[in-house]
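Overview (structure and organization)
Single-letter residue listing:
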Amino acid sequence: MADQLQDVIQRWRKAVVEDGLRPEDHELFQNAGLAYINQGDTTQLLDFIQDEKNQGIVESMGCGLLASLVAEVLKKKKSTSTCQAVITHLAETCSPMELMLIFLGQVDDLHPDLIADTIELMVPHLQTVLLRLGEEKAPWVGLALAALQKQLSRLPVPYTKEQEVEDAYGLCRCCSALARFMEPFVEEVKRRDNSEDGGTASDNQLKTELLKFCMGSLREPLLQAQLDQAIDIHKQSPLWHFATDILATLPAIQEPLPGLLFYKALKKREESGLLTDSTEAQESRACLAYLLFVQLITIESFPAVFSPVFVLQCNMEYIDLLLSRKEESFLLKGLELYTKSLERVEDNSLPVELQDLKSFYSVPQHLVQILTVCPIQRLRERGFKVLQLFIDKLGPEAKHKFFRCMIKTSCHAGVEGYIIKNIKNQIELSLKPGHENEWFMGTQVLPLLRLVLCFPRGPETDLLNSMDRVMESLNLLRYLHMRDMDWQQTSSIWPELFKIKEDYLKMLRVCLALSRAYYAGQVKNMREDKKIQAQEARGALVQTMTVKNKMVSDMTPEMQYQVLQCALVTFDLMESLVIHIEEISEEKVRTGTAV
């Protein structure tokens, strides 16, 4: 091997005189270097590389050794530190352009098991080479960041604290390495912006490349991460630190956060493709809003001139996007951003005009999906809390319109019952001195009550599935009758309200009679089936039972019987409320206190 390197030296000296190296000269040098690497004798190779007399050879032919050196380091053998030293010297000596092409080739299309180790190895050397490029570095910085980010996006994102501590796939290590990688370029942008001559076209391109990386990092991996500041008592979250670095970088490169969040239509940014309305760009801004308003990262630098209502209005687009997804991390961030955006808004202040905006319609619809379909209990609980918080922030007219919309569109008895309970609370509040408003005590309340106190499917209504809505409707009717004197003194709508009540109770009696007869018949059939001892001996299930056109199969006879008995008890409870309301009406008539 030493003889081969001596031959290389002789050929180099001859080439200097004859002005040219032959392809076989490069091959000779590479073979000699590879022999040292493969045999683990990298100390001699390092001595040769660092020898001042050999720098011309290294500059001309050293790049050819990089791929083998990187592979040797990734094997984690004893010669790793020496190989690292050789790579460092080559990064400081060889042609920057040639080095960049080789480094980018090394980063591309990595095996999943090698992504983290390769990024951690390559990043400091890439940084060294890029800093050597001077004014030409901006496009190369962009290429390097894009290549690194592409590989980073292939790594699974740790979601729990335990996963983040373990960092099995190395994503947290990569994020820390990339944050360090950006530092000198961010400092260069800041230094140029503070200089008298301002930034050049190259500086502006460097800003653009850094902005692309920051916005991409917000979407992947930060939007998918849990982002708790501390992952245990002794260690802070590396992903939290990465998020902090990203948000600190944006204003440092003259990208104000309000401009990114609220003024995405700025022409200069649309031209660069960074702040378009693509899903990817929206997801990046949604994560930015979450980090800023929920996690309060760099919130101290956010201007206080924006009103809470304006911030809510802007954030609703991001909340809409987050709540439309199925992943827990997206839903949780959407609910938390919705909560924090609402908390700063004054109660009873949101105007009705906001509900004409698309996001103010679609976000409650997404909430209904979470409340009724989502299998994760903590998300459903958060959903109910934020729904009530939103209702509390609406003004009287906005509440009235929102209630009508939800009754028409929710298509779920539980949600409808929750809204009816809120309607009752608003009516009760409106009857108190100092809280009067026309939307819940004047003629405006009648269309709302007609919408609530009805059976859209008429006699075919399934009272068992509609139980929540029916029970809350009966509670509302009971309350209205108990407060009829207040209604007569404060409005002239009692006669119409009395008619709505009569129509509702009349249809309810019909539905109760039909439903009771149906389910009682099912109970009778069940009792007859129990007499068939052969079926019970074989442990077979009884025939499939139909509950109001819904198949209830794969249930034991005991479970089916309990369902039927529960239905009959529910109907008894509804009937007792109907009787109680009628008794109140009769008592009012006898005492002369009702019209």
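Our structure's up above, just so we're on the same page.
So, here is what we can say about the structure in this document. As the structure is a computational prediction, the values presented were derived from the model and not from experiment. (Residues numbered from 1 in each chain as written. Predicted model: local features only at pLDDT ≥ 70, side-chain atom pairs only at ≥ 80, totals over all residues. Heavy atoms only, no water.)

Looking at the overall build of the chain
- Across its full length, the chain holds 29 helices and four strands.
- Looking at the chain as a whole, 49% of its 595 residues qualify as buried.
- Surface exposure of the chain reaches about 28,300 Å², of which carbon and sulfur atoms provide 51%. (Helix = DSSP H or I, 4+ residues; strand = E, 2+ residues; numbered from the N terminus. Buried < 20%, exposed > 50% of the residue type's maximum accessible area, 1.4 Å probe, protein only. Areas by Shrake-Rupley, 256 points an atom, 1.4 Å probe, with all protein chains shown as cover.)

What about helix α7 (residues 96-107)?
- Across its twelve residues, α7 extends 16 Å between first and last C-alpha, which sits within 8% of the 16 Å expected from 1.5 Å per residue.
- Buried residues of α7: P96, L99, M100, F103, L104 and V107, and no others. The arc that holds every buried residue of α7, seen down its axis, measures 130 degrees, which confines them to one face.
- Turning to α7, the residues buried within the fold contact α5 (66-74), α6 (80-93), α8 (115-132) and α9 (137-152).
- Two residues or fewer after α7 comes D109, characterised by a positive phi angle close to 55 degrees. (Expected span 1.5 Å × (residues − 1). Arc of directions from axis to C-beta. Contact = heavy atoms within 4.5 Å.)

Details of the side chain of D320
- Inspection of the secondary structure assignment puts D320 in helix α17 (residues 308-323).
- There is no salt bridge for the buried D320, and the closest opposite charge comes from K358, which lies 5.8 Å off by N-O distance.
- Among the polar contacts made by the side chain of D320, one reaches the side chain of H366 at a distance of 2.8 Å.
- Aside from chain neighbours lying at most four places away, what touches D320 is S359, S362, V363 and H366. (Lys, Arg positive; Asp, Glu negative; His and termini not counted. Salt bridge = Lys/Arg side-chain N within 4 Å of Asp/Glu carboxyl O. Polar contact = N/O pair within 3.5 Å; in protein donor to acceptor, adjacent residues only side chain to side chain.)

Examining helix α18 (residues 328-343)
- Given a rise of 1.5 Å per residue, 16 residues ought to cover 22 Å, and the 22 Å separating the end C-alpha atoms of α18 matches this to within 8%.
- The element α18 is extensively covered by neighbouring structure, given that twelve of its 16 residues are classed as buried.
- Turning to α18, its buried residues are S329, F330, L331, L332, K333, G334, L335, E336, L337, Y338, S341 and L342.
- Against α16 (279-293), α17, α19 (358-373) and α20 (377-393) lie the buried residues of α18.

Focus: the packing of α9 against helix α11 (residues 171-194)
- Interaxial distance between α9 and α11 falls to 12 Å at its minimum, and their mutual angle equals 170 degrees. One element, α9, and the other, α11, form an angle in the roughly antiparallel class. Every pair of crossing elements has a handedness; the one defined by α9 and α11 is left-handed. Of α11, the residues touching α9 (which contributes K137, V141, A144, L145, L148 and L152) are L171, C174, C175, L178, F181, M182, F185 and E188. (Axes fitted to C-alpha atoms, helices over the stretch in contact; angles between N-to-C directions. Parallel < 35°, antiparallel > 145°, perpendicular 65-115°, else oblique. Left-handed = near helix turned anticlockwise from the far one by under 90°.)

Notes on the environment of C511
- As for its placement among the helices and strands, C511 is situated in helix α27 (residues 494-530).
- Classification of C511 by relative accessible area gives buried; the value is 0%.
- Expressed as a C-alpha distance, the spacing of C511 and E460, which sit 51 residues apart in the sequence, is 7.2 Å.
- Not counting chain neighbours up to four residues away, the residues in contact with C511 comprise F455, G458, P459, T461 and L463.

Observations regarding the packing of aromatic side chains
- Under the criterion given, the structure shown has 16 aromatic pairs.
- Ring plane angle 15 degrees and centroid distance 5.6 Å describe the contact between F306 and F310, whose orientation is recorded as stacked.
- Between F360 and F390, the aromatic rings sit 6.4 Å apart at their centres with planes inclined by 40 degrees, giving tilted as the arrangement. Of the two residues, F360 sits in helix α19 while F390 sits in helix α20, which places them 30 residues apart along the sequence. The same class applies to F360 as to F390, namely buried.
- Grouped by ring-pair contacts, the aromatic residues Y338, F360, F390, F402, F403 and F440 constitute a single cluster.
- Looking at R325, its charged tip hangs above the ring of F330, at a distance of 4.1 Å from the centre. (Phe/Tyr/Trp six-rings, centres within 6.5 Å; stacked < 30°, edge-to-face > 60°. Lys NZ or Arg CZ within 6 Å of the ring centre and 35° of its normal.)

Considering the packing of α17 against α18
- At a minimum axis separation of 8 Å, α17 and α18 run at an interaxial angle of 160 degrees. Taken as axis vectors, α17 and α18 run roughly antiparallel relative to one another. Every pair of crossing elements has a handedness; the one defined by α17 and α18 is left-handed. Contacts between α17 and α18 involve L312, N315, M316, Y318, I319, L322 and L323 on the former and, on the latter, F330, L331, K333, G334, L335, L337, Y338, S341 and L342.
- Grouping the amino acids of the contact of α17 with α18 by side-chain chemistry returns twelve nonpolar, three polar and one charged. (Nonpolar A, V, L, I, M, F, W, Y, C, P; charged D, E, K, R; others polar.)

Considering the pattern of salt bridges
- What the rule picks out here adds up to 23 salt bridges.
- With a closest N to O distance of 3.5 Å, E187 and K190 form a salt bridge. A residue pair is termed a helical-turn pair when its members lie 3 or 4 positions apart in one helix, as E187 and K190 do in helix α11 at three residues.
- In this structure, E327 engages R325 in a salt bridge whose closest nitrogen and oxygen atoms are separated by 3.0 Å.
- Taking the relative accessible area as the measure of exposure, E327 reaches 34% and is therefore partly exposed.
- Note on R325: relative accessible area 25%, which makes it partly exposed.
- Beyond isolated ion pairs, a larger network of salt bridges with shared partners links E135, K137, E188 and R192.

Some thoughts on the side chain of T461
- Topologically, T461 is positioned in the loop between α24 (445-452) and α25 (467-482).
- For T461, the residues in contact, after removing those within four places along its chain, are F455, S466, C511 and S515.

Regarding the environment of M467
- In this structure, M467 sits in helix α25.
- On the basis of relative accessibility, which here comes to 30%, the residue M467 falls in the partly exposed class.
- For M467 and T570, which are 103 residues apart along the polypeptide, the C-alpha to C-alpha distance reads 7.7 Å.
- If we skip the residues at most four places from it in the chain, M467 touches T570 and M574.

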